[in-house]
There are 2 protein chains.
Amino acid sequence: MALSRQGVGEKPLIERCKERWRETRLDHFTWVNPTYFKQRFFVCDEYWRPGGSVFLYIGNEADVTLYLNNTGLMWELAPKYDAMLVFAEHRYYGQSKPFPASVLRKHMAWLTSEQAMGDYATLLWELKRELGDPDVPVIGFGGSYGGMLGTWFRMKYPHLVDGVIAGSAAPIWTYKGENPPYDPGSFAKIVTQDASPEGGSAEACADNVRAAWKLLDRWGSSEEGRQSISAAMRLCPESAVESGEDATALCDWASSAWDYLASAARAMGNYPYPSVYIVNGAQPPLPAFPVRVACGHLAEPGLDGEALLEGLARAAGVFYNHTGDLPCFSFKQGPNPETDEDADFWGYQYCTEQFQVFSKDGVHDMFWEEPFSTKAAIQDCKDGWGVEPRPLWATIEWGGKRLGAASNIVFSNGLLDPWSGGGVLANISQANDLVAVVIPEGAHHLDLMFSHPLDPPSVTAARAFEEHYIAKWIAQARSQQRSSLAMAQHAAVAQQ
Amino acid sequence: MALSRQGVGEKPLIERCKERWRETRLDHFTWVNPTYFKQRFFVCDEYWRPGGSVFLYIGNEADVTLYLNNTGLMWELAPKYDAMLVFAEHRYYGQSKPFPASVLRKHMAWLTSEQAMGDYATLLWELKRELGDPDVPVIGFGGSYGGMLGTWFRMKYPHLVDGVIAGSAAPIWTYKGENPPYDPGSFAKIVTQDASPEGGSAEACADNVRAAWKLLDRWGSSEEGRQSISAAMRLCPESAVESGEDATALCDWASSAWDYLASAARAMGNYPYPSVYIVNGAQPPLPAFPVRVACGHLAEPGLDGEALLEGLARAAGVFYNHTGDLPCFSFKQGPNPETDEDADFWGYQYCTEQFQVFSKDGVHDMFWEEPFSTKAAIQDCKDGWGVEPRPLWATIEWGGKRLGAASNIVFSNGLLDPWSGGGVLANISQANDLVAVVIPEGAHHLDLMFSHPLDPPSVTAARAFEEHYIAKWIAQARSQQRSSLAMAQHAAVAQQ
């Protein structure tokens, strides 16, 4: 079975890059009592030639090596465009922590998208000078939140980045405000579609999953039922279901596996080939089309009782036990602060400006009824982080549907990707190069990955579409900068 | 002699508006420990009709009533475009002070252009909802720093403002970084041109002014000379020149008068008719073309001795004693905190992000040699405000010469205006409606003022040019919003 790029035996990607650190302002937007922190970034310059370009990965909510290792599109296009690859880490994630771990959670105020963009803006300014080429064209790449950040970065700093490939910048229209008729249930619906024959999965799968929640609810209400659950689902002794609340938590745990398998951010996604994306390179990879594999455990129509729960547990295991090493499941185990801090910090961002709206109804999806409650979500944020989201801020700050004055952004979305329900699926302005590319067989930013023999033709086409614009923007940047300099000189003459 | 608009006997403009206050975040860019302050704005809705538009004055570094009373262009165009006029006050200025006066200077951290734009963004969001018309076209107007803010606001928030008339947003290219071949001496040169025959002033004026500084320097070094200075220049007893430093300070005081007369921001400028702009409506106005009037006191070739200093003092008096009430000049008198706090706060902005570069050489201008020293300027800021400027920030944040990805901005500049040396004097992109209009006989944002019988034809033409774009952008905004909605609906269908 074919492997992704970093598995073919060449020198590991990370060893082809320089890990660097830079001092930058903790708060770019004030001058009183400035403090600084160290931001990490990687520079991979083997393809760089003077007169070339810079490809910048606009880091999102994880260790930036994840993107370095998986953003094959950048690696594959670099030689042709004499491109220097730069992978910039998002503040508070990976190793770019502004405070020691023991006190970091007491200093969250500067974890915002605006501040992260300030980091990227100053980094680019410095890099261009270091290269001795202030006119060097810069193409930004980002997936998921990185794709949204890239979109906003091009909107707000077009003088620093000439164009952006926004891979699965899908949740960009999931905010409150005046966004298009966005269906908050779309995420759960698309997960369900992936687990249905139209997603290549067993016909009975979604109905069995839906039945499983009801059974967990029913059995969770009696001592005997709870024992049956723990046994059928192979729960570890310390994770035995001991109350109705435990049963509910178990539902959350099991349903999350479907979200991740289908394509949660930073997770491996429903890719058409085995992938190690989720585990940042650790083996073994998840199987190809893992939702289909999970559904294989729930393929028999009308499953019930212990057989149903066994199937549900096995399906969840495709995600939670992809190594096959776990003797039992510990759903009660809290997140490991060492490995899960990044996921947790996205929770902080959610609780401030990234307040996205999602719901389920159990009818159009295979989950249960869970309408979105702004009030409850805000209360959770106050309880958990001591901050109150501003639900409208994202739309006020970044425009929501009103992106038409921006330019040079390709929005890509895979239709297998549950996030695509909040994405830009049609051109906004062809004249401004604000264009969309849809990958019917695509999962979460599949197009940004290395090319692969099992890639569906649509993702190959999407990459060609993206390259067309990258080439165009590079040429445009070089010629515009020439003419703007001429303009400026003309202006300088005019004023004499 | 003709009077400007607010003098013709109608109801005063301010009485035709509602003064309103709104709560807004002191820091828009963090979520931890939010605090709020009250921002003032005025709404003048006599011309507003549903389906019309909003004209927003993007307040700069003064009491917003100054702009309300003088931005005639907005008042004159409002009826034709069914426009609601909104005059928004800049935080920390006028009455929009976030803290009580006694402690305000200890809480300067939130006086930034980015925060001011956050105020305007949230104000517009609220206003559009209040009007029940989220698609209402909004045209921004601003002069001087307000014109720069307007430019940046359109760059960063094009989803909220559809186009901007940036009147004399001249200093926009006076920042450090990679701006066009900007001549830091241009301000002093243009003041000198205004005081020369090409500015309609007496031929001997500039040479006499230049000679006066040398005389002040010479006489300032002896007791007898200092007495002669104090007598010739009619200095009040407490402002007598008692040292060489005093003589230097007197030079600063006298040369500032020329800067203001020629057109310092917020000052009345070298307008072609008597104007009360500087004194926010107080009578009597400054005379027409005040630089010419000032030069009238220095018209005799080869003035020297007491006659020269008398002439210099009279010239300064055109500004400092425009009322004719002062029996003597008190150049040592410090700024009055009640009336001069706004000017002082601009000093804070200069010392943070608005770090503009100006110099004199005494050869190409009528002043003395004073090269710009970044180091000294930074030290002054540390001493005065306890903050350190970031000289490159303005260019990193707002793009310097790289404005080409923006759209819908008219840059106007009067060539009598000393600030025009740092302005956009040629089109940046006709395709993007990033266009320049130059007013050879214009002073500092003359085009934004009420029309006047003595207006030179070039300013009338500039206003027509501006109106052309305003009308275009209003039509564009209405039609784009219709098509982006259709797009969004299309996208919503595509995702089903």
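What you see is a predicted model; the values in this text were computed from it and never measured.

Parameters at a glance
- Residues numbered from 1 in each chain as written.
- Chains lettered and ligands numbered in written order.
- Predicted model: local features only at pLDDT ≥ 70, side-chain atom pairs only at ≥ 80, totals over all residues.
- Heavy atoms only, no water.
- Helix = DSSP H or I, 4+ residues; strand = E, 2+ residues; numbered from the N terminus.
- Buried < 20%, exposed > 50% of the residue type's maximum accessible area, 1.4 Å probe, protein only.
- Contact = heavy atoms within 4.5 Å.
- Pairing = 2+ DSSP bridges.
- Domains from an automatic or database assignment.
- Buried area = accessible area lost by both parts, 1.4 Å probe.
- Salt bridge = Lys/Arg side-chain N within 4 Å of Asp/Glu carboxyl O.
- Polar contact = N/O pair within 3.5 Å; in protein donor to acceptor, adjacent residues only side chain to side chain.
- Phe/Tyr/Trp six-rings, centres within 6.5 Å; stacked < 30°, edge-to-face > 60°.
- Lys NZ or Arg CZ within 6 Å of the ring centre and 35° of its normal.
- pLDDT = per-residue confidence, 0-100.
- Expected span 1.5 Å × (residues − 1).

### Some details on unusual backbone geometry
You will see that Tyr92(A), though not glycine, has its phi angle at about 80 degrees, which is positive. By the element assignment, Tyr92(A) lies in the loop between strand S4 (83–88) and helix H3 (101–104). The class of Tyr92(A) is buried, set by a relative accessible area of 0%. A positive phi angle, close to 55 degrees, is found at Asp433(B), a residue other than glycine. You can see Asp433(B) is positioned in the loop between strand S9 (409–414) and strand S10 (434–439). Residue class for Asp433(B) comes out buried when judged on its relative accessible area of 2%.

### Notes on the side chain of Gln356(B)
With respect to the helices, strands and loops of the structure, Gln356(B) is situated in the loop between helix H12 (337–350) and strand S7 (360–361). Sequence-distant contacts of Gln356(B), defined by excluding residues within four places in its chain, comprise Met148(B), Pro171(B), Thr174(B), Tyr175(B), Tyr350(B), Phe372(B) and Trp419(B).

### Describing the pairing of strand S10 (residues 434–439) of chain A
Residue and element names in this part refer to chain A. Most of S10 is tucked away, with 5 of its 6 residues classed as buried. Where strand S9 (residues 409–414) meets S10, 6 bridges bridge the pair, whose relative direction is parallel. Residue pairing across strands places Asn413 opposite Val438, the latter belonging to S10.

### Section: the domain arrangement of chain A
Residues and elements named next belong to chain A. By domain assignment, chain A separates into domain 1 (13–176 + 396–490) and domain 2 (185–354 + 356–385). Every contact between the two is made by 48 residues of domain 1 and, on the other side, 33 residues of domain 2. Contact between domain 1 and domain 2 buries roughly 3,600 Å² in total, counting both sides, with carbon and sulfur atoms accounting for 58%. It is Arg105, Leu416 and Pro418 in domain 1 that bury the most area against domain 2; as a group they hold 19% of the surface buried on that side. Put simply, domain 1 and domain 2 have 3 salt bridges between them. A salt bridge links Arg105 to Asp344; the shortest N-O distance between them is 2.7 Å. Where domain 1 touches domain 2, the interface holds 15 residue pairs in polar contact (both at pLDDT 80 or more). Elements with a minimum of two residues in the side of domain 1 that touches domain 2: helix H1 (64–70), helix H4 (113–130) and helix H5 (145–156). At 5 residues, H1 tops the list of elements feeding residues into the side of domain 1 that touches domain 2.

### A closer look at the packing of aromatic side chains
By the definition in use, this model includes 65 aromatic pairs over all chains. Taking 5.1 Å as the distance between ring centres and 80 degrees as the angle between the ring planes, the aromatic pair formed by Trp213(B) and Trp368(B) counts as edge-to-face. Taken as a pair, Trp213(B) in helix H7 (residues 205–219) and Trp368(B) in the loop between S7 and strand S8 (369–370) lie far apart in primary sequence, 155 residues in all. The burial state of Trp213(B) is the same as that of Trp368(B); both residues are buried. Residues Tyr260(B) and Phe319(B) carry aromatic rings whose centres are separated by 4.8 Å and whose planes lie at 10 degrees to one another, so their mutual orientation is stacked. Within this pair, whereas Tyr260(B) is found in helix H9 (residues 244–262), its partner Phe319(B) is found in helix H11 (residues 305–320), the two being separated by 59 residues in sequence. Taking the relative accessible area as the measure of exposure, Tyr260(B) reaches 33% and is therefore partly exposed. Ring-pair connections join several aromatic residues into one group, and the members of that group are Phe29(A), Trp31(A), Trp393(A), Phe29(B), Trp31(B) and Trp393(B). Positioned over the ring face of Phe367(A) is Lys360(A), at 5.5 Å from the centre of the ring. For the cation-ring pair, Arg390(B) lies above Trp393(B), with the distance from its terminal atom to the ring centre recorded as 4.9 Å.

### Focus: the confidence of the model for chain A
Residues and elements named next belong to chain A. Per-residue confidence for chain A gives a mean pLDDT of 90, with 90% of residues at or over 70. In the model, residues 1–8 has pLDDT below 50 throughout and makes 14 contacts with residues more than four positions away in sequence or in other chains. The low-confidence segment residues 492–496, where pLDDT is below 50, has 6 contacts with residues more than four positions distant or belonging to other chains. Reported for the predicted complex are a pTM of 0.92 and an ipTM of 0.91.

### Quick word on helix H9 (residues 244–262) of chain A
End to end, H9(A) covers 28 Å across 19 residues, agreeing with the expected 27 Å (1.5 Å per residue, within 8%). Within H9(A), the full set of buried residues consists of Asp246(A), Ala247(A), Leu250(A), Cys251(A), Trp253(A), Ala254(A), Ser255(A), Ala257(A), Trp258(A), Leu261(A) and Ala262(A).

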